[in-house]
Amino acid sequence: MQNKPDPAWQPQPQTAEKPSNLRLGLIGMAACVLMAGAGLHFYGAGKNTSGPAVGAESVTGDDSQRMGLPLNVIAPQNAAQALARSSFSAQQQADILAAVKRRDVRLVAMPVYDATGAGGMITLVCGPWQQSVGLTAKPTTVILPISVSGHVEVIPAAPPGPAGIGSGAITAFGPMPLPVLYKQGDTLALTVIAQ
């Protein structure tokens, strides 16, 4: 007994599968991401922005080496209450409040914390004002008087020790660990952007 094929059955020609537009779009996006990543890698290769510490000599000349921090602005009507909770002296508070009323400066809140668990104490220098703060795991809010964008230097207030001082700041976008300061003369230069 032989099996004869059904006379109505005929093999159908197969069409070649075309990639969908979604697949082509994903491939294109992946290629763009790879190219952008490679560009950032090679563009940033000559810059040492991820080093463990920024020396004091790099603060004075080159503003391009400053790390930008977007921080939240304190409303002018809340300036007196914010300054009352700060470590500024009564005379400094009066001077800063007068500058806020003249609109020469704005107050921003910069919560700082211990990012490495080593502890330590830092001094934040902002124009003619400076404040020292001890680093703990719980953020301590420091009030900074700045113009729309201001330069802030972070320096160790005491010898950092072998592990260094690793501070962090809570920015408008969330927590951000800062580079570790390893010796007494190190200075971390920041540009604070009031938002």
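All figures in this text were calculated on a predicted structure; none of them were measured in a lab. (Residues numbered from 1 in each chain as written. Predicted model: local features only at pLDDT ≥ 70, side-chain atom pairs only at ≥ 80, totals over all residues. Heavy atoms only, no water.)

Thoughts on the nonpolar core
Within soluble globular proteins, side chains that are nonpolar tend to cluster in buried spots. Here is the rule we go by: Among buried residues, the Ala, Val, Leu, Ile, Met, Phe, Trp, Tyr and Cys ones that are joined through side-chain atoms within 4.5 Å form a nonpolar core. Classification of residues uses two cut-offs on accessible area relative to the type maximum, computed with a 1.4 Å probe and protein chains only: under 20% is buried, over 50% is exposed, and between them is partly exposed. The numbering of helices and of strands both runs from the N terminus, where a helix is a DSSP run of H or I of at least 4 residues and a strand a run of E of at least 2.
Of all hydrophobic cores here, the largest spans 23 residues; its most connected members are Met-110, Leu-144 and Leu-190. Secondary-structure elements contributing two or more residues to this core are strand E1 (67-74), strand E2 (106-114), strand E3 (121-126), strand E5 (140-146), strand E6 (149-156) and strand E9 (188-194). Element by element, the count of residues in this core is highest for E9, at 4 residues. Formed by 13 residues, the second largest nonpolar core is a distinct cluster that contains Ile-74, Ala-79, Leu-83 and Trp-129.

Observations concerning the confidence of the model for the chain
Applied cut-off: Each residue carries a pLDDT score, the predictor's confidence in it, ranging from 0 to 100. Throughout, a residue-residue contact means that at least one pair of heavy atoms, one from each residue, lies within 4.5 Å.
Per-chain confidence: the chain averages 77 in pLDDT, with 66% of residues scoring 70 or above. The low-confidence segment residues 41-61, where pLDDT is below 50, has 21 contacts with residues more than four positions distant or belonging to other chains.

Quick word on unusual backbone geometry
Even without glycine at this site, Arg-103 takes up a positive phi of about 65 degrees. By secondary structure assignment, the location of Arg-103 is in the loop between helix H4 (90-101) and E2.

Overview of the pattern of salt bridges
Any two side chains of opposite charge can pair if their charged atoms end up close together. Operational definition: Between Lys or Arg on one side and Asp or Glu on the other, a salt bridge is scored when a side-chain nitrogen of the former is within 4 Å of a carboxyl oxygen of the latter.
Inspection of the entire model under this criterion finds 2 salt bridges. The salt bridge partner of Asp-104 is Arg-102, with a shortest N-O separation of 2.7 Å. Lys-183 is the salt-bridge partner of Asp-186, the closest N and O atoms lying 3.4 Å from each other. A relative accessible area of 3% means that Asp-186 is categorised as buried. Overall, Lys-183 belongs to the exposed group, its relative accessible area being 51%.

Points about the pairing of strand E8 (residues 174-177)
Across a regular strand the side chains alternate sides, sitting on one face of the sheet and then on the other. Formally: Pairing between strands is defined by DSSP: at least two bridges between them are needed.
Sheet topology note: the strand E7 (residues 167-171)/E8 ladder contains 4 bridges and is antiparallel. Bridge assignment links Thr-171 to a residue of E8, and that residue is Gly-174. Taken together, E7 and the strand that follows it, E8, pair antiparallel across an intervening segment of 2 residues.

Considering H4
For the record, the criterion: Multiply 1.5 Å by the residue count of a helix minus one, and that product is the helix's expected span. In this description, the arc belongs to the directions extending from the helix axis to the C-beta atoms.
Along its 12 residues, H4 runs 16 Å from first to last C-alpha, staying within 8% of the 16 Å computed at 1.5 Å per residue. For H4, every residue scored as buried is listed here: Gln-93, Ile-96, Ala-99 and Val-100. Buried residues of H4, viewed axially, fall in a sector of 125 degrees; they line one side. Turned more than 90 degrees from where H4 packs its buried face, Ala-90, Gln-91 and Lys-101 sit exposed. Residues of H4 that are buried sit in contact with helix H3 (79-84), E2, strand E4 (129-134) and E5. Immediately beyond the C-terminal end of H4, within one or two residues, lies Arg-103, with a positive phi of roughly 65 degrees.

Describing the environment of Ser-167
As for its position among the elements, Ser-167 is in strand E7. Owing to a relative accessible area of 2%, Ser-167 belongs among the buried residues under this scheme. Along the backbone, Ser-167 and Gly-117 are 50 residues apart, and their C-alpha atoms lie at a distance of 9.1 Å. Apart from residues no more than four positions distant in its own chain, Ser-167 is found in contact with Tyr-113, Ala-115, Ile-122, Leu-135, Val-154, Pro-177 and Leu-178.

Focus: the pairing of E7
Taken across its 5 residues, E7 has 4 buried, putting it largely inside the fold. The pairing of E2 with E7 spans 3 bridges and is classified as antiparallel. Across the sheet, residue Asp-114 finds its bridge partner in E7, namely Ser-167.

Examining the environment of Gln-77
With respect to the helices, strands and loops of the structure, Gln-77 is situated in the loop between E1 and H3. Sequence separation of Gln-77 and Val-100 is 23 residues, and the distance between their C-alpha atoms is 9.8 Å.

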